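So the chains spell out like this:
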Amino acid sequence: GADIPFETVQEEFDAVLLGIGAWISTGVGCPGEDAAGIIGGIDFLRKVVRNEDIELGERVAIVGGGNTAMDACRTAVRLGAKEVYNIYRRTKDEMPADLVEIEEGEEEGVIFKNLTNPLEIIKDENGHIKEVILQCMELGEPDESGRRRPVPIEGKTETIPLDNMILAIGQAVDASIFDCGKTKKGAIAYDKETFMTSIPGVFAGGDCGNDQIGIAVEA
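Residues numbered from 1 in each chain as written. Predicted model: local features only at pLDDT ≥ 70, side-chain atom pairs only at ≥ 80, totals over all residues. Heavy atoms only, no water.

A. Quick peek at the side chain of Thr 116. Among the secondary structure elements, Thr 116 is positioned in strand E7 (residues 116-123). Relative accessible area serves as the criterion here: at 3%, Thr 116 is assigned to the buried category. Looking at Thr 116, its side chain comes within polar contact range of the main-chain oxygen of Lys 113, at 2.7 Å. Once residues lying within four places of it in the same chain are set aside, the contact partners of Thr 116 are Ile 87, Tyr 88, Arg 89, Leu 134, Gln 135 and Met 137. (Helix = DSSP H or I, 4+ residues; strand = E, 2+ residues; numbered from the N terminus. Buried < 20%, exposed > 50% of the residue type's maximum accessible area, 1.4 Å probe, protein only. Polar contact = N/O pair within 3.5 Å; in protein donor to acceptor, adjacent residues only side chain to side chain. Contact = heavy atoms within 4.5 Å.)

This is the structure we're talking about:
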């Protein structure tokens, strides 16, 4: 941190555990993703919890199929958005979110746009998101997760006008300040038996290590 350098912590303690979590929202990787009016799912929920001002507008899309996405969808409805879309590239059956979250999202009025994926985000003259072009998908053969892989349907798209978009696709680790071994995805690498990182006496656990991002109980 700015007040206490990590090196100072190492000097003053025999062992240090890094449990920094995975707080960086990942993007969709499509053109126009840098538009104003696009926010990460975890960032959106953090603002809500802290009672910070959020201008959602009337039409909001949440991209993703996990519990964070469902939480963001239902929160957007409660904040007064008139049209709340959930964009997910697979069907409801493949959504990793808890079934109760999906069902309660439906009851609260979330509009599910399954088998779609953002293809391009269109900006207005001020650089703010105006609409999203969705690539329509179909399910192919199962992938490594055991779920059927979504495959784009060539030439088939759908366009939705939007005021804001929330990306709840996944979260990543920002461990850039730590000079230790990292995984391919940038998480903190640690020994699975001892939990120690490449720095002697420095351990890691929870979502920040070895690419095992899950819910709090799993962490």
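Next comes the rest of the description.
B. Representation of the pattern of salt bridges in the model. The tally for this structure, following the rule as stated, stands at 13 salt bridges. The closest approach of N and O atoms between Arg 74 and Glu 101, which form a salt bridge, is 3.1 Å. With Arg 74 in helix H3 (residues 67-78) and Glu 101 in helix H4 (residues 99-107), this residue pair connects regions lying 27 residues apart in the sequence. Residue Glu 101 is classed as partly exposed on the basis of its relative accessible area of 21%. Look at the salt bridges and you will find they share partners, linking Arg 74, Arg 78, Glu 101, Glu 104 and Glu 108 into a network. (Salt bridge = Lys/Arg side-chain N within 4 Å of Asp/Glu carboxyl O.)

C. Quick look at the nonpolar core. Of all hydrophobic cores here, the largest spans 20 residues; its most connected members are Ile 62, Met 70 and Ile 166. The element contributing the most residues to this core is H3, with five residues. For Met 70, the residues in contact, after removing those within four places along its chain, are Asn 86, Met 95, Ala 97, Glu 101, Ile 102 and Phe 112. (Core = buried A, V, L, I, M, F, W, Y, C linked by side-chain atoms within 4.5 Å.)

D. Structural context of a negative patch on the surface. Together, Glu 7, Glu 11, Glu 12 and Asp 179 make up a region of like negative charge exposed at the surface. In this fold, Glu 12 is placed in helix H1 (residues 6-12). Residue Glu 12 is classed as exposed on the basis of its relative accessible area of 58%. (Patch = residues over 30% accessible without salt bridge, like charges linked within 9 Å, V, L, I, M, F, W, Y side chains within 5 Å. Areas by Shrake-Rupley, 256 points an atom, 1.4 Å probe, with all protein chains shown as cover. Lys, Arg positive; Asp, Glu negative; His and termini not counted. Charge placed at Lys NZ, Arg CZ, Asp CG, Glu CD.)

E. Fine view of the packing of H3 against H4. One way to put it is that H3 packs onto H4 with a least axis distance of 10 Å and a crossing angle of 20 degrees. Put simply, H3 runs roughly parallel to H4. As for the relative orientation of H3 and H4, their crossing is left-handed in sense. Side by side, H3 and H4 meet where Asn 67, Met 70, Asp 71 and Arg 74 of the first sit next to Glu 101, Ile 102, Glu 104 and Gly 105 of the second. Among the residues forming the contact of H3 with H4, the class breakdown is two nonpolar, two polar and four charged. (Axes fitted to C-alpha atoms, helices over the stretch in contact; angles between N-to-C directions. Parallel < 35°, antiparallel > 145°, perpendicular 65-115°, else oblique. Left-handed = near helix turned anticlockwise from the far one by under 90°. Nonpolar A, V, L, I, M, F, W, Y, C, P; charged D, E, K, R; others polar.)

F. Examining the sheet that holds strand E9 (residues 148-161) more closely. Judged by pairing direction, the sheet is antiparallel, and its three strands sit side by side in the order E7-E8-E9 without closing on themselves. Edge positions in the sheet fall to E7 and E9, since each has one partner strand and no second. Adjacent strand axes in the sheet meet at a mean angle of 20 degrees when their direction is disregarded. Sheet analysis places strand E8 (residues 129-142) next to E9, joined by nine bridges and oriented antiparallel. The residue of E9 that forms the bridge with Gln 135 is Thr 157. (Pairing = 2+ DSSP bridges.)

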